[in-house]
Amino acid sequence: MAFHRHTGPGSYTVGTMSERFDCHYCRDPLQGKKYVQKEGRHCCVKCFEKICANTCIECKKPIGADSKELHFKNRYWHDTCFRCFKCYTSLVNEPFMLRENNKVWCSNCTATEDAPRCKGCFKPIIAGDQNVEYKKMVWHKNCFTCSQCKQVIGSGSFFPKGDDFYCVSCHEHKFAKTCAKCKNPITSGGLTYQEQPWHSECFICSNCKKQLGGKRFTAVEDQFYCVECYKECVAKKCAGCKNPITAGFGRGTSVVNYEDESWHDYCFKCTKCARGLANKRFVCHNGKIYCAECPKRL
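Residues numbered from 1 in each chain as written. Predicted model: local features only at pLDDT ≥ 70, side-chain atom pairs only at ≥ 80, totals over all residues. Heavy atoms only, no water.

1. Focus on the overall build of the protein chain
Then, number 1: Helix and strand counts for the protein chain come out as 4 helices and 21 strands.
Then, number 2: Projected onto the principal axes, the alpha-carbon positions of the protein chain cover approximately 165 × 30 × 20 Å.
Then, number 3: Sequence-distant contacts in the protein chain: of pairs separated by 6 or more residues, those separated by 24 or more amount to 20%.
Then, number 4: Carbon and sulfur atoms form 45% of the exposed surface of the protein chain, whose accessible area is close to 19,500 Å². (Helix = DSSP H or I, 4+ residues; strand = E, 2+ residues; numbered from the N terminus. Contact = heavy atoms within 4.5 Å. Areas by Shrake-Rupley, 256 points an atom, 1.4 Å probe, with all protein chains shown as cover.)

2. What about the environment of S200?
Then, number 1: The topology assignment puts S200 in the loop between strand 15 (196–198) and strand 16 (217–220).
Then, number 2: Among the residues examined, S200 registers a relative accessible area of 25% and is labelled partly exposed.
Then, number 3: Sequence-distant contacts of S200, that is, excluding residues within four places in its chain, are made with G190, L191 and Q211. (Buried < 20%, exposed > 50% of the residue type's maximum accessible area, 1.4 Å probe, protein only.)

3. Side note on the pairing of strand 5 (residues 75–78)
Then, number 1: Bridge analysis of strand 4 (residues 69–72) against strand 5 gives 4 bridges, and the strand direction is antiparallel. When the bridges of strand 5 are listed, F72 appears paired with R75.
Then, number 2: In this antiparallel pair of consecutive strands, strand 4 and strand 5, the connection spans 2 residues, and K73 shows a positive phi of 50 degrees. (Pairing = 2+ DSSP bridges.)

4. Describing the confidence of the model for the protein chain
Then, number 1: On average, residues of the protein chain score 81 in pLDDT, and 90% of them are at 70 or above.
Then, number 2: The weakest mean pLDDT in the protein chain belongs to strand 1 (residues 12–16) at 62; the strongest belongs to strand 17 (residues 223–226) at 90.
Then, number 3: The low-confidence segment residues 1–9 (pLDDT under 50) makes 34 contacts with residues lying over four places distant or belonging to another chain. (pLDDT = per-residue confidence, 0-100.)

5. With respect to the pairing of strand 11 (residues 164–167)
Then, number 1: Pairing between strand 10 (residues 158–161) and strand 11: 4 bridges, direction antiparallel. Bridging from a neighbouring strand, F159 pairs with Y166 of strand 11.
Then, number 2: Count of turn residues in the strand 10/strand 11 antiparallel hairpin: 2 residues, of which G162 carries a positive phi of about 65 degrees.

6. A few points about the nonpolar core
Then, number 1: Counting 15 residues, the largest nonpolar core has W77, F82, L91, F96 and V104 as its most contacted members.
Then, number 2: Sorting the residues of this core by element identifies strand 4 and strand 7 (104–106) as the ones contributing at least two each.
Then, number 3: Apart from residues lying up to four places away in sequence, V104 is in contact with W77, F82, R83, C84, F85, L91, F96, M97 and L98. (Core = buried A, V, L, I, M, F, W, Y, C linked by side-chain atoms within 4.5 Å.)

7. Thoughts on the packing of aromatic side chains
Then, number 1: Within this structure, the stated rule accounts for 20 aromatic pairs.
Then, number 2: Relative to F82, the ring of W77 lies with its centre 4.9 Å away and its plane at 70 degrees, an arrangement referred to as edge-to-face.
Then, number 3: Measuring from ring centre to ring centre gives 5.8 Å for F85 and W105, while their planes differ by 45 degrees; the resulting arrangement is tilted. Of the two residues, F85 sits in the loop between strand 5 and strand 6 (96–98) while W105 sits in strand 7, which places them 20 residues apart along the sequence.
Then, number 4: An aromatic cluster of at least three residues, connected via ring pairs, comprises Y134, W139, F144, F158 and F165. (Phe/Tyr/Trp six-rings, centres within 6.5 Å; stacked < 30°, edge-to-face > 60°.)

8. Digging into the environment of E113
Then, number 1: As for its placement among the helices and strands, E113 is situated in helix 2 (residues 107–114).
Then, number 2: Under the relative-accessibility criterion, E113 is labelled partly exposed at 31%.
Then, number 3: Sequence separation between E113 and I126 is 13 residues, and the spatial gap between their C-alpha atoms is 9.4 Å.
Then, number 4: Setting aside chain neighbours within four positions, we find E113 in contact with K86, R99 and W105.

9. Concerning helix 1 (residues 45–52)
Then, number 1: Of the residues making up helix 1, those classed as buried are C47, F48 and C52. For helix 1, the buried positions fall inside an angular range of 105 degrees around the axis, keeping them on one side. Looking at helix 1, the residues exposed on the side facing more than 90 degrees away from the buried face are K46 and K50. (Arc of directions from axis to C-beta.)

10. Regarding helix 4 (residues 227–234)
Then, number 1: Taken together, the buried positions of helix 4 are occupied by V227, C229 and Y230. With its buried residues spanning 165 degrees around the axis, helix 4 presents them on a single face. Those residues of helix 4 that are exposed and angled more than 90 degrees off the buried face are E228 and E232.
Then, number 2: Elements that come into contact with the buried residues of helix 4 comprise strand 16 and strand 17.

11. Some thoughts on the state of the cysteines
Then, number 1: All told, the structure shown has 0 disulfides when counted by the stated rule.
Then, number 2: With no disulfide of its own, C84 lies closest to C87 among cysteine sulfurs, the gap being 3.6 Å.
Then, number 3: The class for C84 is buried, based on a relative accessible area of 1%.
Then, number 4: C238 carries a free sulfur, and the closest cysteine sulfur to it, the one in C267, is 3.8 Å from it. (Disulfide = S-S within 2.5 Å.)

Laid out in structure tokens, this is it:
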């Protein structure tokens, strides 16, 4: 952006004629009268203003012999008309910018007009103003506010939603999922179990309190247990091998229950011939399990 200065008055002379000369146009005698000499020709003031005077680009009137004329790039102004189009400050002896429609602007108004506009108040953001930029949009710092609570976000964290912006607190209450355990908003991370959201730190083993995200676990009556705690505290002991029955954790998925005792399916076998009896007929004799044939041989 370049600012200019006008180049002063046009090339003509005004004076009082002491010699015998006639007006070049109307032929009236000029001796003893005020005259204007332009381009080697002498003319009376009236003819000068009618024929020779430049027209002010601002007021559209002739610039008479008694007026002060300013010109720039073949454009002419009365000195009193050479003012900023925006603030009307006189630009005589001041830098200016010639803009559209041949309007002259002072440097301050030019800077303000060309400055980016605040998305909030639509006023210009001038050099030195604190501002916030986001996706080619700009705000005064104090104009960048939460769409919900209207508090200034400024340079703080925010969440965009369409054309709206939310502070962290309002975004949590308006959009964030609520943890199934603590009922507080989940602002980042978290996990889902049976279509319910959880904080990672809330989805823990009921016994040892270790986080279960990404690990094997089992649920018992709305309580969650890691593999180790389930074996130690919850799982039934196999009546055959005396080890925990960890259904769902590796071998021994199926469980055989009889009266008050339980077995791994592979441990439920005939006491005499060791034949597997899961899903087969069996006989209980003196507290022991037999296949249908072996009790006959006892």
